[in-house]
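# Remarks on the overall topology
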Amino acid sequence: MEANVRVLLVEDDLQLGESLETALRLEHYAVDWLRSGDAVRATLGATPYDLMVLDLGLPGVPGMQVLRQVRADKQDIPVLLLTARQTLADKVDGLDSGADDYLTKPFEIEELFARIRTLLRRKGGLRSQQLEAAGIALDPVDRVVTFAGEVLDLTAREYAILEILVRNAGRFVSRPRLEEGIYSWGEEVGSNTVEVYISRLRKRFGSSAIETMRGVGYRIPR
Ligand code: CA
């Protein structure tokens, strides 16, 4: 099953990491945050990510070495480097090591979002194509939802659940699978959270837009 656009954030600065994690989630990305470079390879090997935001100055395995390992593993994930260094040599070194783009701290969050969208678009492929089911059209890169000729303004979690259902149109998606789409590591999930968002989506798209099968899950018809 396809999930939402998933970003791996690698940043040891707690304050910056926390604000980036929050900001990315508000932009509807599913985010996992690692505080060092040590677990990056194992994490990328275990979960498919659409993009990695990688700080260069990390404790343990330094960012540049992480990047080289990832490329040596034949992982073609787009990588956006974050660094406090600003010299041309560092930039060239980063791009030569397989980074797709480069952002020097401090940066504006809007600049980061713009770079991420560009990388996701450039990556192309199935994940960033327009999705459609039951008259609902989604652009997973720009997060634009169109229904009955109108662009709808959804909250991050409404969007996240809708995207999973549309990607799996015609199939029932279990509640745990939907919960996984709206939370990342370490967050508590309320027992009726998914129901609450399903009910909100039905208000937007009509009560028959999302079917329920008790004990199985939810489905948007094709
Ligand atoms: Ca750092």
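Basis of the calculations
Residues numbered from 1 in each chain as written. Predicted model: local features only at pLDDT ≥ 70, side-chain atom pairs only at ≥ 80, totals over all residues. Heavy atoms only, no water. Buried < 20%, exposed > 50% of the residue type's maximum accessible area, 1.4 Å probe, protein only. Helix = DSSP H or I, 4+ residues; strand = E, 2+ residues; numbered from the N terminus. Arc of directions from axis to C-beta. Contact = heavy atoms within 4.5 Å. Core = buried A, V, L, I, M, F, W, Y, C linked by side-chain atoms within 4.5 Å. Domains from an automatic or database assignment. Buried area = accessible area lost by both parts, 1.4 Å probe.

## Description of helix 3 (residues 63-72)
Buried within helix 3 are the following residues: Gly 63, Met 64, Val 66, Leu 67 and Val 70. An end-on view of helix 3 places all buried positions within 160 degrees of arc, on one side of the element. The inward-facing, buried residues of helix 3 abut helix 2 (40-46), strand 3 (51-55), strand 4 (79-83) and helix 4 (88-96). One or two residues past the end of helix 3 sits Lys 74, with phi positive at roughly 65 degrees.

## Some words on the nonpolar core
By size, the foremost hydrophobic cluster in this structure holds 27 residues, and its most contacted members are Leu 162, Leu 165 and Leu 178. Those elements that provide at least two residues to this core are strand 6 (131-133), strand 7 (136-139), helix 6 (156-167), helix 7 (175-182) and helix 8 (193-205). Here this core gets seven residues from one element, more than from any other, and that element is helix 6. Setting aside residues up to four positions removed in sequence, Leu 165 forms contacts with Val 173, Leu 178, Ile 198, Ile 210, Tyr 218, Arg 219 and Ile 220. By size, the runner-up hydrophobic cluster in this structure holds 21 residues, among which are Leu 24, Val 53, Leu 80 and Leu 119.

## Notes on the domain arrangement of the protein
The domain architecture assigned to the protein consists of domain 1 (6-123) and domain 2 (131-219). One C-alpha centre belongs to domain 1, the other to domain 2, and the line joining them spans 28 Å. Between domain 1 and domain 2, the contact holds 16 residues from the first and eleven residues from the second. For domain 1, the biggest contributors to the area lost against domain 2 are Arg 25, His 28 and Asp 32; these three give 48% of the whole.

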